[in-house]
Amino acid sequence: MAEQPAAPFQQRLLAWWDLSGRKDLPWQHTRTPYRVWVSEIMLQQTQVATVISYFERWMKSFPDISSLAKASLDDVLAHWAGLGYYARARNLHKAAASCMERHEKKLPLSAEELTELPGIGLSTANAIVSQSTDQPRAVLDGNVRRVLARHAGVEGWTGQSAVQKRLWAEAEKRLPDSRGADYTQAIMDLGAMLCTRSNPGCGHCPVNADCQAWLTDRVRELPSPKPATRVSDKKVNMLILTNGRGKVLLERRPPTGVWGGLWCLPEGDSIETIEASLGISATDVTALPPIEHRLSHLRMTIHPMLATACDAMQVRCSGQRDWYDKRQQQTLGLPKPVAELMKRLNSGEFK
DNA sequence: AACACGGGGTT
DNA sequence: AACCCAGTGTT
């Protein structure tokens with residue numbers, strides 16, 4: 001049998017965090033509810049290193065809920081462009097408006113009220129509450145799921161509902177009586193720094209004395225991998241249509257679905273289809289080399305076509321379709337591959 | 001319960 | 001190429 005650990009899980013974890021935890025992340029400096037909220041949303045399914053520059057830029061433009069609520073959706077999406085999962089940005093914008101109207105211009109600080117705001121589930125709500133008020137609350141993100149699956153020896157894919165339920169219970173069990181903010185950070189740091197997916201530092205782990213995976217040599221097997229999901233293929237034609245005066249035609253995508261609300265190049269089954277949908281004809285049509293773009297659930301093959309509009313004036317423009325200056329498109333939310341095409345167009349690569 | 005939803009990093 | 005990342009919302 002293993003020896004009894006010297007102290008409870010929470011105490012060992014916090015002692016380790018005091019010495020080795022992360023304490024200088026941008027959202028830890030001035031830990032306001034708003035900054036914690038934005039950071040938590042940006043960090044959903046997104047690594048810390050990727051988020052930092054986006055967070056800094058966001059806070060310069062939208063320093064508080066009021067400025068976010070007042071901003072246009074286009075401005076908000078432009079700040080999110082490249083980060084992915086754009087519903088997060090649309091939901092932040094919508095939730096900010098809701099806070100202005102119904103929560104006295106502030107973020108509510110109960111899990112019940114927070115989870116009613118779009119984009120905030122239970123884990124994010126509890127992360128916001130614990131880090132804003134220092135009350136202990138359980139969180140269950142990717143790091144914590146891995147830590148708990150190993151420490152408690154929980155079998156099965158962590159996305160399965162029975163496994164989720166068990167992990168929530170294990171998370172609750174380990175909560176400290178105080179230091180809620182530090183504890184939330186600590187258990188996430190343990191997952192990010194020591195209890196990593198591969199090559200974890202079990203020898204240095206503060207809670208290895210009673211870690212079921214470590215004691216039974218199952219660290220490599222836990223947590224169980226996610227069942228493979230099939231990735232579908234999708235072929236897309238995109239038209240880079242210039243008006244002869246340095247502008248490119250863009251269309252706003254519908255509010256739901258892939259790249260919802262972002263601005264994209266006109267798409268269609270063929271050049272003729274796209275011409276017809278725009279009500280114009282194009283000259284100098286040149287097929288460019290295809291671009292592979294991977295999303296979580298599909299592999300897109302983009303076939304870009306470069307062309308000039310014969311009758312640019314006849315394109316019916318609106319809030320959903322307009323000519324944009326190639327050099328000013330950083331003020332617009334463009335999907336990654338579209339931004340890449342615009343960059344190449346500006347560099348003269350397509351001349 | 002299964003799937004949609006991005007883009008990037010690691011192994 | 002597979003797998004994962006400070007998950008949530010929809011069906």
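For every chain, the first residue of the written sequence is number 1, and numbering continues from 1 onward in sequence order. Going through the entries in the order they are written, you letter the chains from A and number the ligands from 1. Thresholds applied to this predicted model are a pLDDT of at least 70 for local features of residues and 80 or more for the giving and counting of side-chain atom pairs; totals over whole chains, interfaces and linings are not thresholded and use all residues. Side-chain measures here rest on the full set of heavy atoms in the structure, leaving out hydrogens and waters.

**Quick look at the side chain of His151**
Inspection of the secondary structure assignment puts His151 in helix 10 (residues 142–151). Think of a polar contact as two N or O atoms within 3.5 Å of one another; within protein, one of them needs to be a possible hydrogen donor and the other a possible acceptor, and neighboring residues in sequence only count if both atoms come from side chains. Looking at His151, its side chain comes within polar contact range of the main-chain oxygen of Val207, at 3.4 Å. Any two residues having at least one pair of non-hydrogen atoms within 4.5 Å are treated as being in contact. For His151, the residues in contact, after removing those within four places along its chain, are Phe9, Arg174, Val207, Asp210, Cys211 and Gln212. Working definition: helices are DSSP H or I runs of at least four residues, strands are E runs of at least two. Numbering for both runs from the N terminus.

**Re the state of the cysteines**
For this text, the term disulfide refers to a pair of cysteine sulfurs within 2.5 Å. This structure, assessed with the given rule, holds 0 disulfides. Cysteine Cys317 remains unbridged, with the sulfur of Cys310 as its closest cysteine sulfur at 16 Å. Burial status follows relative accessibility: with a 1.4 Å probe on protein chains alone, a residue under 20% of its type maximum counts as buried, one over 50% as exposed, and anything between as partly exposed. Exposure remark for Cys317: the relative accessible area of 34% places this residue in the partly exposed category.

**Digging into the protein's contact with DNA strand B**
What makes a residue near a molecule or strand is one non-hydrogen atom of that residue sitting within 4 Å of it. In the vicinity of DNA strand B there are 21 residues, among which Tyr85, Ser161, Trp259, His293 and Lys336 approach most closely. Among all atoms of DNA strand B positioned within 4 Å of the protein, those belonging to sugar or phosphate total 65%. Taking Thr46, its side chain carries an N or O atom lying 2.9 Å from a base nitrogen of DNA strand B. In this structure, Ser296 approaches DNA strand B through a side-chain N or O atom, which is 3.4 Å from a base nitrogen.

**Examining the nonpolar core**
Side-chain atoms within 4.5 Å link the members of a nonpolar core, which is a set of buried Ala, Val, Leu, Ile, Met, Phe, Trp, Tyr and Cys residues. Counting residues in each nonpolar core, the largest one holds 59 residues, and the members touching the most others are Tyr34, Trp37, Met42, Trp58, Trp80, Ile240 and Leu265. In terms of residue count, the dominant contributor to this core is helix 3 (residues 33–42) (6 residues). Summarising the domain contributions, this core has at least three residues from each of domain 1 (9–215) and domain 2 (232–347). In this view, Trp80 contacts Ile41, Met42, Tyr54, Trp58, Tyr85, Tyr86, Arg88, Ala89 and Leu92; residues no more than four positions away in its chain are not counted. Judged by nonpolar contacts, the second largest core, of 29 residues, contains Leu14, Ala149, Ile187 and Cys205. Note that domain bounds follow an automatic or database assignment of domains.

**Some details on the packing of aromatic side chains**
Two aromatic rings, drawn from Phe, Tyr or Trp (for Trp, its six-membered ring), form a pair once their centres lie within 6.5 Å of each other, and the interplanar angle then sorts them: stacked below 30 degrees, edge-to-face above 60, tilted otherwise. Enumeration according to the criterion identifies 5 aromatic pairs in this entry. Aromatic pair Trp27 and Phe55: ring centres 5.3 Å apart, planes at 80°, arrangement edge-to-face. Of the two residues, Trp27 sits in helix 2 (residues 26–29) while Phe55 sits in helix 4 (residues 48–61), which places them 28 residues apart along the sequence. Considered together, Trp27 and Phe55 belong to a single accessibility category, that of buried residues.

**A short note on the domain arrangement of chain A**
Each assigned domain of chain A is listed here: domain 1 (9–215) and domain 2 (232–347). When each unit is reduced to the centre of its C-alpha atoms, the spacing between domain 1 and domain 2 is 36 Å. Contacts between the two partners involve 8 residues from domain 1 and, on the opposite side, 14 residues from domain 2. Taken over both partners, the interface formed by domain 1 and domain 2 buries close to 840 Å², and the fraction arising from carbon and sulfur atoms is 52%. When two components associate, each loses some accessible surface as probed by a 1.4 Å sphere; the sum of these losses over both components is called the buried area. When residues of domain 1 are sorted by the area they lose upon contact with domain 2, Asp74, Tyr86 and Arg90 head the list and together hold 52% of the total. Salt bridges are defined as contacts in which a side-chain nitrogen from Lys or Arg sits within 4 Å of a carboxyl oxygen from Asp or Glu. Where Asp74 meets Arg252, a salt bridge forms, and the shortest distance between an N and an O atom there is 3.1 Å. In this assembly, domain 1 and domain 2 are joined by 4 residue pairs in polar contact (both at pLDDT 80 or more). At 3 residues, helix 6 (residues 73–80) tops the list of elements feeding residues into the side of domain 1 that touches domain 2. Residues are grouped as follows: Ala, Val, Leu, Ile, Met, Phe, Trp, Tyr, Cys and Pro are nonpolar; Asp, Glu, Lys and Arg are charged; every other residue, Gly included, is polar. The residue inventory of the side of domain 1 that touches domain 2, partitioned by class, reads 5 nonpolar, 1 polar and 2 charged.

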